[in-house]
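Reading the structure
The lines below spell out each chain.
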Amino acid sequence: MNMRKIYRKVAKAHKASVEEVRREMQYAIEQAWNNPEKTSENIAMQRKISPDGSVPTPDVVIKALAKELDAYK
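Residues numbered from 1 in each chain as written. Predicted model: local features only at pLDDT ≥ 70, side-chain atom pairs only at ≥ 80, totals over all residues. Heavy atoms only, no water.

**Focus: a positive patch on the surface**
- On the surface, a cluster of positive charge is contributed by Arg4, Lys5, Arg8, Lys9 and Arg22.
- With four residues, the single largest contributor to the positive patch is helix α1 (residues 3–13).
- Examined against the element boundaries, Arg22 turns out to sit in helix α2 (residues 18–33). (Patch = residues over 30% accessible without salt bridge, like charges linked within 9 Å, V, L, I, M, F, W, Y side chains within 5 Å. Areas by Shrake-Rupley, 256 points an atom, 1.4 Å probe, with all protein chains shown as cover. Salt bridge = Lys/Arg side-chain N within 4 Å of Asp/Glu carboxyl O. Lys, Arg positive; Asp, Glu negative; His and termini not counted. Charge placed at Lys NZ, Arg CZ, Asp CG, Glu CD. Helix = DSSP H or I, 4+ residues; strand = E, 2+ residues; numbered from the N terminus.)

**Looking at α2**
- The terminal C-alpha atoms of α2, which comprises 16 residues, lie 22 Å apart, in line with the 22 Å expected from a rise of 1.5 Å per residue.
- Those residues of α2 that are buried lie in contact with α1, α3 (40–49) and α4 (58–71). (Expected span 1.5 Å × (residues − 1). Contact = heavy atoms within 4.5 Å.)

**Observations concerning the packing of aromatic side chains**
- Applying the stated criterion across every chain yields a total of zero aromatic pairs.
- In this structure, Arg22 packs its charged tip against the face of Tyr7, placed 4.3 Å from the ring centre. (Phe/Tyr/Trp six-rings, centres within 6.5 Å; stacked < 30°, edge-to-face > 60°. Lys NZ or Arg CZ within 6 Å of the ring centre and 35° of its normal.)

If you want it as structure tokens, here you go:
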């Protein structure tokens, strides 16, 4: 999976820079990660993505979600 290609494609689709895309993704991840009203499903997914509990980067989240989706094939 070429992360650079993914970011470029998203940036182009939204007429933004790659840096803006990464920054906005990181912000959204942090908001979700720190949401005090998480469900048990949210908590379970967060533990899968980041077992140590730290807020992951967009790269880590994309790779983890791609792996989850791949499991459904």
